[in-house]
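# Understanding the architecture of this molecule
Listed below are the residues making up each chain.
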Amino acid sequence: MTNMGQKGSFQSLPQGCELIGDLKISEVMTRNVLAVPRNTTIREAQSIMKENSITGVPVVDSRVVVGIVSMNDIMNALESGRMDDPVTDWMTFEVQALAEEMPLSFAISAFSKYPFRRFPVVNKRNELAGIITFRNINLALIRELSRQLQEKNNLNEHSVDMSSLELVKEYLLSRYDFENGGKASSEIKKFLKGHGIPSRLIRRVAIASYELEINLVAHSDGGMLGFDINADRVVITSHDHGPGIADVDQALTEGFSTANEWIRSLGFGAGIGLPNIKRVSDEFIIQSTLGLGTMIRAVINIHTKDQHNN
Amino acid sequence: MKLIRIAEALETRIAYGPAAWEQINIKSIFSSDLMSDILMSDLDNMLIVTSLSTEQSIRSTGMVNSEAVVITNNKAVTDGMVVLAEELEIALFCVKFPTYETCVRLGRIMKT
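From a predicted model like this one, the values you see are computed outputs, not experimental measurements.

The rules behind each value
Along every chain, residues carry numbers that run from 1 in the direction the sequence is written. Ligands are numbered from 1 and chains lettered from A, in the order in which they are written. Owing to the predicted nature of the model, reporting of local features is limited to residues with pLDDT of at least 70; listing and counting of side-chain atom pairs is limited to 80 or more, with chain, interface and lining totals taken over all residues. To obtain the side-chain values, all non-hydrogen atoms of the structure were used and water was disregarded. Strands here are runs of E lasting at least two residues and helices are runs of H or I lasting at least four, both read from the DSSP assignment and numbered beginning at the N terminus. Summary of the burial criterion: residues with accessible area below 20% of their type's maximum are buried, those above 50% are exposed, and those between are partly exposed, where the area comes from a 1.4 Å probe applied to protein chains only. Contacts are residue-level and defined by heavy atoms, with any inter-residue pair within 4.5 Å sufficient. Here the open area of atoms and residues is found with the Shrake-Rupley method and a 1.4 Å probe, where only the protein chains shown may cover a residue. Note that the domain bounds were set by an automatic or database domain assignment. Strands are treated as partners if at least two bridges between them are detected by DSSP. Every axis corresponds to a line fitted to the C-alpha atoms, with the helix fit spanning only the stretch in contact, and the corresponding angles, defined between N-to-C directions, vary from 0 to 180 degrees. Put simply, buried area is the surface a 1.4 Å probe can reach on two separate parts but cannot reach once they are joined, added for both. Salt bridge, as used here, is a side-chain nitrogen of Lys or Arg placed within 4 Å of a carboxyl oxygen of Asp or Glu. For the purposes of these results, a polar contact is taken to be a pair of N or O atoms within 3.5 Å, where, inside protein, one atom must be able to donate a hydrogen and its partner to accept one; residues adjacent in sequence count only when each atom of the pair is a side-chain atom. Gly counts as polar in this scheme, as do all residues outside two lists: the nonpolar Ala, Val, Leu, Ile, Met, Phe, Trp, Tyr, Cys and Pro, and the charged Asp, Glu, Lys and Arg. Working definition: a ring pair exists when centres of Phe, Tyr or Trp rings (six-membered ring for Trp) sit within 6.5 Å. Plane angles under 30 degrees give stacked, over 60 give edge-to-face, the rest tilted. Here, a charge over a ring is recorded when the distance from Lys NZ or Arg CZ to the ring centre is within 6 Å and its angle to the ring normal is within 35 degrees. In these notes, a set of buried Ala, Val, Leu, Ile, Met, Phe, Trp, Tyr and Cys residues joined through side-chain atoms within 4.5 Å is what counts as a nonpolar core.

### Comments concerning the overall build of chain A
When its secondary structure is counted, chain A shows ten helices and twelve strands. By the burial criterion, 48% of the 310 residues in chain A qualify as buried. The contacts in chain A between residues at least 6 apart in sequence include a share of 65% that link residues at least 24 apart. Roughly 16,000 Å² of accessible area belongs to chain A as shown, and the carbon and sulfur atoms make up 50% of that amount.

Below, the structure is given as structure tokens:
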């Protein structure tokens with residue numbers, strides 16, 4: 001007999017429930033749940049549990065939960081030498097199932113109220129939809145805690161000591177060194193994140209910097225990527241040793257590219273790198289001389305409001 | 001949608017999963033083999049779907065603040081990609097399906 005969870009049964013909520021807010025059981029449970037039909041033998045159930053490293057399995061009749069077999073039930077059958085009995089002879093009939101639409105706090109209460117280590121979860125048609133264990137709840141709590149901490153950090157972003165936000169750094173990049181292309185941008189991203197800069201702003205800096213980095217390794221004979229960061233703005237400069245761009249206006253047109261097949265096979269060279277840097281920057285300057293090299297300066301303001309959401 | 005649901009629907013092999021990856025919230029899917037396209041996107045909480053199995057796929061995922069990337073076409077990932085995914089705290093999944101079928105499956109679960 002399946003005894004569905006009732007709201008009234010789980011009124012006293014333990015600590016930690018405020019963390020999980022509006023999460024529903026369906027968002028946290030394991031969906032790919034193993035279940036066995038009524039005519040399964042205890043021996044077969046034991047084998048399934050062993051193979052899948054689980055300690056209990058629901059018994060279903062046309063997807064409706066009719067019982068649950070645990071390690072205890074199997075040990076009892078083993079002691080009596082009746083391993084070939086159907087699971088229905090040994091399983092627990094009084095199954096406390098939870099509904100998938102219930103708030104997660106109900107599942108937490110259920111674990112405090114009952115001695116069970118797992119609860120089957122059913123849908124509106126009373127069919128087995130998943131299973132929930134302590135592990136599912138722990139993972140949900142960790143993620144939620146981390147999300148709430150992130151939100152708190154975002155709220156405090158502008159109260160962070162901006163005077164400590166100062167960095168001048170240069171990175172040398174070699175032609176075709178795709179292995180290292182991106183390291184500088186990742187470092188700068190980490191630095192800005194550590195100083196509580198809003199994530200949308202960091203994304204703009206990271207994109208401008210990464211596109212410049214990829215340009216240096218993919219198109220130039222090698223060069224330097226420089227960062228000058230203070231509380232007001234991030235200045236990124238790229239200088240290379242050549243070969244220079246023949247027509248800068250053309251290079252700034254979306255879709256124009258001189259990339260070879262190899263660069264394209266690496267996912268770059270679509271001709272949208274330079275326009276993308278311009279898109280995310282508040283100031284963008286490019287100077288190039290054929291045979292000498294290219295200089296690009298991209299500025300992203302920190303002090304003003306993030307106006308480049310699009 | 002929680003990442004665990006996506007992992008189940010795509011029968012993924014998990015090359016790397018950061019702490020509590022199951023609960024990562026995905027709001028949009030972006031599929032491309034061109035990293036330049038990914039860098040042009042402006043969506044939040046993206047799942048990146050690509051058949052490009054390179055370290056730059058992981059880097060590009062990180063640059064757009066995305067927390068998860070799916071490599072399609074039954075492609076293997078390199079040790080370097082796994083190390084980078086770990087460093088950037090990005091969930092790295094591999095699926096046996098081609099990109100098209102991966103997207104169709106994702107479309108189906110997003111409707112429900």
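### Some thoughts on the domain arrangement of chain A
When the domains of chain A are assigned, the result is domain 1 (2–143) and domain 2 (161–301). Here domain 1 of chain A and domain 2 of chain A have C-alpha centroids that lie 53 Å from each other.

### Brief notes about the sheet that holds strand β2 (residues 36–37) of chain A
Strands pair in a sheet through their backbones, by hydrogen bonds, and they do so in one of two ways: parallel or antiparallel. Residue and element names in this part refer to chain A. The strand order across the open sheet built from three strands is β2-β3-β4, with neighbouring strands paired in mixed fashion. What marks the edges here is a single partner per strand, and that holds for β2 and β4 (64–70). Pairing between β2 and strand β3 (residues 56–61): two bridges, direction parallel. If you follow V36 over to β3, its bridge partner there is V59. Packing against the sheet, helix α2 (residues 42–51) makes contact with β2, β3 and β4, and its axis sits at approximately 80 degrees to β4.

### Describing the interface of chain A and chain B
In many reports, interface size means the accessible area that the parts give up when they come together. Each partner contributes to the interface: chain A provides 39 residues, whereas chain B provides 33 residues. A buried area of about 3,000 Å², summed over both sides, lies between chain A and chain B, and 50% of it is on carbon and sulfur atoms. Area buried by chain A at its contact with chain B is led by A:R143, A:R203 and A:Y210, which between them contribute 24% of it. Where chain A packs against chain B, one counts four salt bridges. Here A:R200 makes a salt bridge to B:D42, at a shortest N to O gap of 3.1 Å. Where chain A meets chain B, there are 19 residue pairs in polar contact (both at pLDDT 80 or more). Looking at the side of chain A that touches chain B, the elements that each hand over two or more residues are α1 (25–28), α5 (134–155), α6 (183–194), α7 (199–219) and α10 (273–280) of chain A. Of the residues forming the side of chain A that touches chain B, the biggest block, eight residues, is contributed by α7(A). In terms of residue class, the side of chain A that touches chain B is made up of 14 nonpolar, 13 polar and twelve charged.

### Let's talk about the sheet that holds strand β10 (residues 233–240) of chain A
All names here are of chain A. Within the open sheet, the five strands sit side by side as β8-β9-β10-β12-β11. Their pairing is antiparallel. The strands lining the two open edges of the sheet, one partner per strand, are β8 (167–173) and β11 (283–289). Shown here is a sheet whose adjacent strand axes are inclined to one another by a mean of 10 degrees, direction ignored. Here β10 pairs with strand β12 (residues 293–301) via seven bridges, running antiparallel. Each residue of the ladder has a partner; that of R233, found in β12, is N301. Helix-sheet contacts for α10 involve β11 and β12, and the interaxial angle to β11 is about 145 degrees.

### Let's talk about the packing of aromatic side chains
Residue and element names in this part refer to chain A. All chains considered together, the criterion is met by nine aromatic pairs over all chains. Aromatic pair F111 and F119: ring centres 4.9 Å apart, planes at 80 degrees, arrangement edge-to-face. A relative accessible area of 0% places F119 in the buried class. Pairing F116 with F119 gives two aromatic rings, centres 5.8 Å apart and planes at 75 degrees, and the pair type is edge-to-face. On the basis of relative accessible area, F116 is assigned to the partly exposed category, the value being 31%. Every member of this aromatic cluster is reached through a ring pair, and the members are F111, Y114, F116, F119 and F134. Sitting over the face of the ring of Y176, R175 holds its NZ or CZ atom 4.5 Å from the ring centroid.

### Observations concerning the nonpolar core
A:L192, A:I229, A:F268 and B:L92 are the most contacted members of the largest nonpolar core, which has 62 residues in total. The biggest single contributor to this core is α7(A), with twelve residues. If we skip the residues at most four places from it in the chain, A:F268 touches A:F178, A:Y210, A:I214, A:I263, B:L34, B:M35, B:S36, B:L39, B:Q56 and B:S60. Core analysis: the second largest hydrophobic core is formed by 19 residues, B:W21, B:I26, B:V49 and B:A91 among them.

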